[in-house]
Amino acid sequence: MHDIKAIRENPKEYDDNWSRRGVEPQTSEILNLDEKKREVQTELQSLLQQRNEKSKEIGQIKSKGGDAQALMDEVAGIKQAVSELEEKEARLSEELDHLLARLPNLLSEDVPEGADESANVEVRKSGSPKAPNSDWPDHQSIGEALGMFDAEAAAKVSGSRFVFLSGGLARMERALAQFMLDVQTQEHGYTEVSPPLLVRDNALYGTGQLPKFAEDLFKTTTDHWLIPTAEVSLTNIVADTILSPDGLPKRFTAYTPCFRSEAGSAGRDTRGMIRQHQFYKVEMVSITKPEDSKSEHERMTECAENILKKLELPFRTMVLCAGDTGFGAKKTYDLEVWLPAQNAYREISSCSNCGDFQARRMKARYKEAGSKETQFVHTLNGSGLAVGRALVAVMENYYDPSDKGIFVPDVIKPYMGGLDKILPLGENK
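Right, let's walk through the structure included here. (Residues numbered from 1 in each chain as written. Predicted model: local features only at pLDDT ≥ 70, side-chain atom pairs only at ≥ 80, totals over all residues. Heavy atoms only, no water.)

Examining helix α5 (residues 139-146)
- Looking at α5, one finds that the buried residues are His-139, Gln-140, Ile-142, Gly-143 and Leu-146. Seen from one end, α5 has its buried residues packed into an arc of 160 degrees, which puts them on one side. (Buried < 20%, exposed > 50% of the residue type's maximum accessible area, 1.4 Å probe, protein only. Helix = DSSP H or I, 4+ residues; strand = E, 2+ residues; numbered from the N terminus. Arc of directions from axis to C-beta.)

A closer look at the pattern of salt bridges
- The final tally for this structure, using the stated rule, is 23 salt bridges.
- Members of the salt-bridge network, linked through shared partners, are Glu-122, Lys-125, Arg-316 and Glu-336. (Salt bridge = Lys/Arg side-chain N within 4 Å of Asp/Glu carboxyl O.)

Quick notes on the pairing of strand β12 (residues 331-339)
- Counting buried residues along β12, nine of its nine residues qualify, which places the element largely inside the surrounding structure.
- With burial as the criterion, each face of β12 is covered, one bearing Lys-331, Tyr-333, Leu-335, Val-337 and Leu-339 and the other bearing Thr-332, Asp-334, Glu-336 and Trp-338.
- Across five bridges, strand β11 (residues 315-319) lies against β12 in antiparallel orientation. Its bridge partner lying in β12, Phe-315 is registered against Val-337.
- Note that β12 and strand β13 (residues 344-353) share nine bridges and pair antiparallel. Bridge pairing in β13 places Asp-334 opposite Ser-350.
- Where β12 folds back onto β13 in an antiparallel hairpin, the turn is made up of four residues, including Asn-343, whose phi is positive at roughly 50 degrees. (Pairing = 2+ DSSP bridges.)

Concerning the packing of α5 against helix α12 (residues 387-397)
- One way to put it is that α5 packs onto α12 with a least axis distance of 9 Å and a crossing angle of 75 degrees. With respect to α12, the element α5 is oriented roughly perpendicular. Where α5 approaches α12, its residues His-139, Ile-142 and Gly-143 are matched on the opposing element by Val-392, Met-395 and Glu-396.
- By residue class, the composition of the contact of α5 with α12 is three nonpolar, two polar and one charged. (Axes fitted to C-alpha atoms, helices over the stretch in contact; angles between N-to-C directions. Parallel < 35°, antiparallel > 145°, perpendicular 65-115°, else oblique. Contact = heavy atoms within 4.5 Å. Nonpolar A, V, L, I, M, F, W, Y, C, P; charged D, E, K, R; others polar.)

Re the pairing of β11
- The element β11 is largely enclosed, with a buried count of four among its five residues.
- Examined bridge by bridge, strand β1 (residues 121-126) and β11 share five bridges and lie antiparallel to one another. Directly across from Val-121, in β11, lies its bridge partner Val-319.

Brief notes about the sheet that holds strand β8 (residues 241-243)
- Judged by pairing direction, the sheet is mixed, and its three strands sit side by side in the order β8-β14-β15 without closing on themselves. The open sheet has two edge strands, β8 and β15 (375-376), and neither has a second partner.
- Relative to β15, strand β14 (residues 364-366) runs antiparallel, the two being bridged by two bridges. Bridged to Tyr-366 within β15 is Gln-375.

Description of helix α4 (residues 69-101)
- Between its first and last C-alpha, α4 extends 47 Å over 33 residues, near the 48 Å set by a 1.5 Å rise per residue.
- Regarding α4, the residues found buried are Leu-71, Val-75, Ile-78, Val-82, Leu-85, Glu-89, Leu-92, Ser-93, Leu-96, Leu-99, Leu-100 and Ala-101.
- Where α4 is buried, its residues meet α1 (4-9), α3 (27-63), α8 (201-207) and α11 (357-362). (Expected span 1.5 Å × (residues − 1).)

Some thoughts on the packing of helix α7 (residues 167-187) against α12
- Two elements in contact, α7 and α12, have axes separated by 9 Å at closest approach and are oriented at 120 degrees. The handedness of the crossing between α7 and α12 is right-handed. On α12, the residues that touch Leu-169, Met-172, Glu-173, Leu-176, Ala-177 and Met-180 of α7 are Val-387, Gly-388, Ala-390, Leu-391, Val-394 and Met-395. (Left-handed = near helix turned anticlockwise from the far one by under 90°.)

A few points about the sheet that holds strand β10 (residues 278-288)
- Reading across the sheet, the eight strands line up as β1-β11-β12-β13-β16-β10-β9-β4 and stay open at both edges, with mixed pairing between neighbours. Either end of the sheet is taken by a strand with one partner, and the two such strands are β1 and β4 (191-192).
- When β13 meets strand β16 (residues 378-386), the two strands line up antiparallel, connected through three bridges. If you follow Ser-352 over to β16, its bridge partner there is Asn-381.

All we've got here are geometric facts, nothing functional implied.
Take a look at the structure:
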């Protein structure tokens, strides 16, 4: 959501910024609606004042035994006009809010220009990718050879974009999640939360998924929505709240399933676990003062990078260009992990600074001691990491063609009961 007062004061700044995303100028329509609404409000205030004054006159006339019928009829007419103006104001407010709610966040000045992902800029790189090998199997082929990956059975149960994992792969997925949670809580200072997976409209509105991205979500018959990411639940912890600055920053993490319809992605990554309707993710959320959000963004990105470093997976960190930055973000870093079978880096984490964009929608504020005024907090979110994609990366990067097994990364061996290698069914001792 955007500050209408700020738009009034500098509409060009907003139109110029949105144009970086390819959004047409919007402030003319916004200010036109705003002016109409303010005119109605002025007229409404004038009528309310008249009604109050004439109501007092009626009381005075009656107290003296006079006839106040003419004034009473006039007040009745004013009441009717007030009712009509209130309805008009409500319609204009709804129209204005609807327009503002569908407009993206303002980009940070240092976000690179560009229309799509081809203009994203590499910030740094870690590890040495395996040399391309045309014979290197992808994660689905590896999992099927192990006897622990069954997309066909999942399709019978749930349709496309689902999978059954079993045995060592199921355990490794769980181990990766536990490892990530332990690092984020014990080393990086995040507070673990077990959040609701079903949320109401207001929660998704607060984090920006509604109303614009409803088709990307799954809705239940009880008017709840399945979370597309734990960002929704975790960020809304501070909704409709005035926080103490002494308690900031707040840092939360959660391991949850995530549910996405993947609308608009038909034909993309239909094989394997890269793009599924249900997947697991360890999410990080930070709530900060405005002046701290930039440094917190860098810190959060490093927290995600640290997981990949500990897993010894090659990756690169990209800053997204204007045209590829998400709706609610001011600036975003993507971490892309190397997948040998694709001979490419693929996204495994996205860390975003949303500024006060979500906080305005959620009414999440803080107040300094001794101050009468509240300020909006800044919110940040990031994957720490996408667990399924981490499993994919481990399967492909730790694959041993000599026996079709998967070496277990050292850092998750304690979570795997000390197992060194996942071998095809029946071969693990």
